[in-house]
Amino acid sequence: MSTASVPLPNWITYGLLPLINLVVAFLISGLVVWFIGEDPIQAVTLMLQGALGRGEGIGFTLFYATNFIFTGLSVAVAIHAGLFNIGSEGQAYLGGLGCALVALALDNYVPWYVTMPFAVIGAGLFGAAWAFIPAWLQAKRGSHVVITTIMFNFIGSALMVYLLVNVLIVPGKMAPETRTFLPGGTLPDLGWLIALFGGKIGAAPFNVSFLIALVMSFVVWVLIWRTKLGYEIRTLGISPSAAVYAGIPYSRTVIVAMLLSGAMAGMMALNVVMGQSQRLQVEFVGGAGFVGIAVSLMGRNHPFGIILASILFGVLYQGGTELSFDMPNITRDMIVVIQGLVILFAGALEYMFRPAMVRAYQKFVKA
Amino acid sequence: MDVAYFDLLISVLGSTIRLSIPLLFTALAGLFSERAGIFDIGLEGKMLAAAFASAVAAYGTGSPWIGLLAGVGVSVAFSLVHGFASITNRGNQIVSGVAINFVTAGLTAVLGNAWFSQGGRTPPLGASARFGEIVLPGAEAARDMGVIGHFYANVISGHNILTYLAFAAVPLSWWILYRTRFGLRLRAVGENPGAVDTAGISVTWLRYRATICAGILCGFSGTYLAVAQSASFITNMSAGKGYIALAALIFAKWRPVPIMLSCLLFGFLDAFANFMQGKKVPGIGEVPVQIFQALPYILTCILLAGFIGVANAPKAGGVPYVKER
Amino acid sequence: MSSLPAIELKGIDKKFGAVHANKTIDLTVAKGSIHGIIGENGAGKSTLMSILYGFYQADSGEIRVNGQPVHIKDSQAAIAAGIGMVHQHFMLVENFSVLENIMLGAEGGALLSKGVSHTRSALKRLEEDYGLEVDPDAIIEELPVGLQQRVEILKALYRGADILILDEPTGVLTPAEADHLFKILGMLRDQGKTILLITHKLREIMAITDTVSVMRRGEMVATRTTSQTTVEELAELMVGRRVLLHVDKGEANPGAIVLSVKNLTVKDGRGVTMVDNVSFDVRAGEIVGIAGVAGNGQSELLEALSGIRKPHAGEILIDGKPIDKVDPARLRELGLAHIPEDRHHMGLVLKFDEAENSILGYHRDARYGRGPMLDLKAVEKDAIAKIEKYDIRPPNPHLKTANFSGGNQQKIVVAREIERDPRLMLVGQPTRGVDVGAIEFIHRRIISMRDAGKAILLVSVELDEIRSLSDRILVMFAGHIVGEKTADAGEQTLGLMMAGIAA
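Quick summary incoming for the structure in this document. Residue numbering note: each chain is counted from 1, following its sequence as written. For this description, chains carry letters from A and ligands carry numbers from 1, given in the order in which they are written. Restriction of local features to residues with pLDDT of at least 70 applies here, the model being predicted, together with a cutoff of 80 or more for giving and counting side-chain atom pairs; totals for whole chains, interfaces and linings are based on all residues. Values shown for side chains rest on all heavy atoms present in the structure; no hydrogens or waters enter the calculation.

**A word on the packing of aromatic side chains**
Moving on, step 1. Pairing of aromatic rings covers Phe, Tyr and the six-membered ring of Trp, with a centre-to-centre limit of 6.5 Å; geometry is then stacked below 30 degrees between planes, edge-to-face above 60, and tilted otherwise. All told, the structure shown has 28 aromatic pairs over all chains when counted by the stated rule.
Moving on, step 2. Arranged with centres 6.2 Å apart and planes meeting at 65°, the rings of Phe 35 of chain A and Trp 115 of chain B form a pair that is edge-to-face. Of the two residues, Phe 35 of chain A is situated in helix α1 (residues 10-35) and Trp 115 of chain B in helix α4 (residues 93-116); the pairing between them involves two chains.
Moving on, step 3. Buried, partly exposed and exposed residues are distinguished by accessible area as a fraction of the type maximum, computed with a 1.4 Å probe on protein chains only: under 20%, between the cut-offs, and over 50%, respectively. We classify Phe 35 of chain A as exposed; its relative accessible area is 53%.
Moving on, step 4. Owing to a relative accessible area of 40%, Trp 115 of chain B belongs among the partly exposed residues under this scheme.
Moving on, step 5. Following the ring pairs from residue to residue traces out a cluster consisting of Phe 60, Phe 63, Tyr 64, Phe 68, Phe 313 and Tyr 317 of chain A.
Moving on, step 6. Comment: the charge-over-ring label is applied if NZ (Lys) or CZ (Arg) is within 6 Å of the ring centre and within 35 degrees of the ring normal. One residue, Arg 332 of chain C, lies across the ring of Tyr 245 of chain A, its end atom 4.9 Å from the ring centre. Note on conventions: DSSP H or I runs of at least 4 residues are helices, E runs of at least 2 residues are strands, and numbering of each starts at the N terminus.

Written out as structure tokens, the structure is:
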């Protein structure tokens, strides 16, 4: 008798087991730190101080978290429909084009709060558009969405480099980027929010996008659990045969879920392009699309979980950056290692400790 | 005039070969894994890890062969992680591959920086610590002997040993897959693991061996990057080649000889893009290099959509084998 | 003939979680005989044979082969003990050649070249000995199903099997192919092989076996010499003399025709014709039961009528109008409700809450929320009302559906479909895996639907259920409707029709 079918209480399945997986991922990361001759405890302390010690650190932490909330939501929406969208990275990249075009078009004429809604739509539309072809191929031709979205990341990257180098570049400049947006095309920082808690935002690019991310988390939550479409998406994701029985159209649901997923990824661009650098640059996504996978896995595909996991990864990113100044031996790449280990243990190996947990639980219940 | 064009062609073909090799090793790695029913997004990561390990070992020992051994060893170790997650624990193979790509990207940079403090680079390797160019017999003499001689001397000859091994690996892979017991079983387990299980063969052990094969070949491709093509490890030096190899594998419909051809095609696109950079085509103007960069992926998507024949992936691919009901 | 039996099973016991698949089974199979094992779906036949072939491990019990106790820990051990198995779903690699499939696992060396020629000549020998012709270089997926099965038999023989297990071998065969198979099996027996034939088809048992054992609900209930038993006795043993659940029902008052099926032909995923040119009507206020042994096309018929599977040919009319779009959602709009045969894969999403499942298929309805929104309060209220009316336990709309018992899960489906007040209801195996109390409840509900003037089409492999609920009975065999009987038709008559013997 295998242990796979033994039910465990929710607090173990959704609480304890993910926690154990996370702890193991961090323990192994600690081993890596120790292996290169640094003190893991001190490293953690430095990281936490760097990420949460001052207003500016918190600002950076939340800035990174904003990226991950968007991409995490993107991955999660697709997963609810049973689709693994590895293309959030490329969709976010194209989303940058969408919001940049809006900003370039409007920044001369209107204040930022007029530009913003159009930028949100532009980023979402372009992100969704980049998800459309893989979605269509999956729905109508059965091409595996995992493979096609990977391919589209690279195609998107080539397209964006081309556009930035040849079309959007400021004439006479070397850097492949658009002109800097005027204030009408930027998203203001949230210094007041940090100040509310007595901190100073300093140079942190923590901006209005964070609030948009929170709104989108709520929208996704409503969509998945409070709408008929969300009900259909979840049914399809859990049981395709039941979805057929219930008359839920496969192609339409797949395409709509992927478009929403792409739109969420696209909006991530708001944070970096309009909030931070205030221009469109090459490679601005910087792997955030892939972090979305980790965040969504850790957050159990729930917006609330995704926000928490995003903040955790924000701490890692910001703390890791600070740490690399204090301990030059530990570069920022350490974050990538931790990220990978979290994906490995919280994702691919999520059932590893389950059999042992089942045995322990059965003993505990019998006793 | 004609001679100049011919020289250009020869030079593009030469670099086509150089750029194809890492793709070829890696796509063959994917072939072993995916034909056994294990999807492998982690090719990129294993290649990168092997590049780092081989550079470090070759630097430490001064021997490229020990570098190769280290590259293969580390790559196989990550294969085993992938196997442990996706075979033993029946985890999601895509997630496991993504995780391996992250861990290796981070780890190689962190360790490289901690050990050598050169921004993630490993120290440059001397000529004796690298796989040098091999001049094939008669190449020098052939150089001036017409078109074929020129081709022999400048395209066929003058590569390192790994290049020749990569091309040797194509018939070898074919032979293993289609002419040995192991190959028969490997192909069977990727199509219908139930058939293998009921024939009294362990599905688990068979799939582990397939992923180990993939690890070995990724070890070769990583070593090629760091110890043959370059003279050191550079952060993220695999630069997406693992994904292009994956595309080549799909484009070749999971068959060894077409894999070689698609890798050469994708290598050629890369070489041609480099060559075309900044050059104007009469009547069209400058052709953006990005078109060549994106072409492998576009071609693969068109193939996947079923517009160029049908790409049938191994039937049991990506699905963990569960016996008990 | 040696006196030792080929196979002896003693006290074989196997549980899958809460399901007791095999209850201390004893079985003796004589050498050189064809031994049939018959029983309904889910009686535990396949599990027992999977244990014998080392695919599952018995929780307890002993296996003896030729008098020697053996421990069959995997298929390898079974093969070593001289046991071969032809699985219901062929264990063949479809894009391999016949030769490659036969060699797989018995290649005779690390390189294939030597094994290939050896296998080729061995195949030739088997072909001569048993008349099992097949082109060794043909690709499996290009062969007809009958030949694919022959490859499975050859696989076992090539490995030196003396004992051959065939699990529902005729399920995928045409009658002609099945007859040919029986000839082969007879010849194999005459050459001294022992054959275990698992089936739920009485006709096959009578046609080919020497001995027959009957399984019912995980138990081995009887063993008979085939020549000394009858179809009737076996049918009774298979179904068991259960307390006939008596359902009070008055006369039916059939009204207008609601569902009309004309010359309907349906093929399954493999392209095999499962429903062949079937026509019938169902009127308002009557229950039409479709009797038949499982696998004779009833499932495909239900799937086609509910819009899940596209018919190959023919017409489906509701209220005399051909349905414009074969789509489950559209059919629901037309007043069709469907209690599917398989609640786990179709009728329910087991990971959903009870309340979420109580709206499956009707979730777009305005009563569950305006416009695109889902009004969870309304859903919950609706679920609670159904829970009370149908006595679903535990009465918790937020409990995961997987945590309900089979009977209560089925009540969730039944409540959902009946409470929509449909005009036409398709009911598939309404009481499979359901406890006695719930059976009675569900039966009464179906009757009261009829009395309320609904047209009901009932498919069940439980003859008792068909007989006690139906006003008219159609018997389905091999994709055809072989006859129509009134509700008072005897069990024997129906049994013979179901076995394809009488019309």
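**Some thoughts on the side chain of Glu 89 of chain A**
Residue and element names in this part refer to chain A.
Moving on, step 1. Mapping Glu 89 onto the fold places it in helix α4 (residues 88-106).
Moving on, step 2. Neither His nor the chain termini are counted; the positive set is Lys and Arg, and the negative set is Asp and Glu. Any Lys or Arg side-chain nitrogen located within 4 Å of an Asp or Glu carboxyl oxygen qualifies as a salt bridge. This buried residue, Glu 89, is left without a salt bridge; Arg 332 holds the nearest opposite charge, at 12 Å.
Moving on, step 3. What Glu 89 contacts, discounting residues up to four positions off in sequence, is Asn 153, Val 285, Gly 286, Gly 287, Ala 288, Gly 289 and Phe 290. Working rule for contacts: check all heavy atoms of both residues, and any pair within 4.5 Å makes them a contact.

**Regarding the nonpolar core**
Moving on, step 1. Grouped together as the largest cluster of nonpolar side chains are 249 residues, with contacts concentrated most on Leu 270 of chain A together with Leu 185 of chain C.
Moving on, step 2. Aside from chain neighbours lying at most four places away, what touches Leu 270 of chain A is Cys 99, Ala 119, Val 120, Ala 123, Leu 187, Ser 209, Ile 212 and Gly 275 of chain A.
Moving on, step 3. Listed in part, the 68 residues of the second largest apolar core include Ala 139 of chain A together with Ile 308, Ala 355 and Leu 374 of chain C. The definition of a nonpolar core used throughout is a set of buried Ala, Val, Leu, Ile, Met, Phe, Trp, Tyr and Cys residues joined through side-chain atoms within 4.5 Å.

**Structural notes on the pairing of strand β2 (residues 19-29) of chain C**
Residues and elements named next belong to chain C.
Moving on, step 1. Inspection of the sheet shows strand β1 (residues 7-16) paired to β2 by 7 bridges, in the antiparallel sense. Bridge assignment links Phe 16 to a residue of β2, and that residue is Val 19.
Moving on, step 2. For two strands to be treated as a pair, DSSP must find at least two bridges joining them. Between β1 and β2, which pair antiparallel one after the other, the connecting turn spans 2 residues, and Gly 17 there sits at a positive phi close to 60°.

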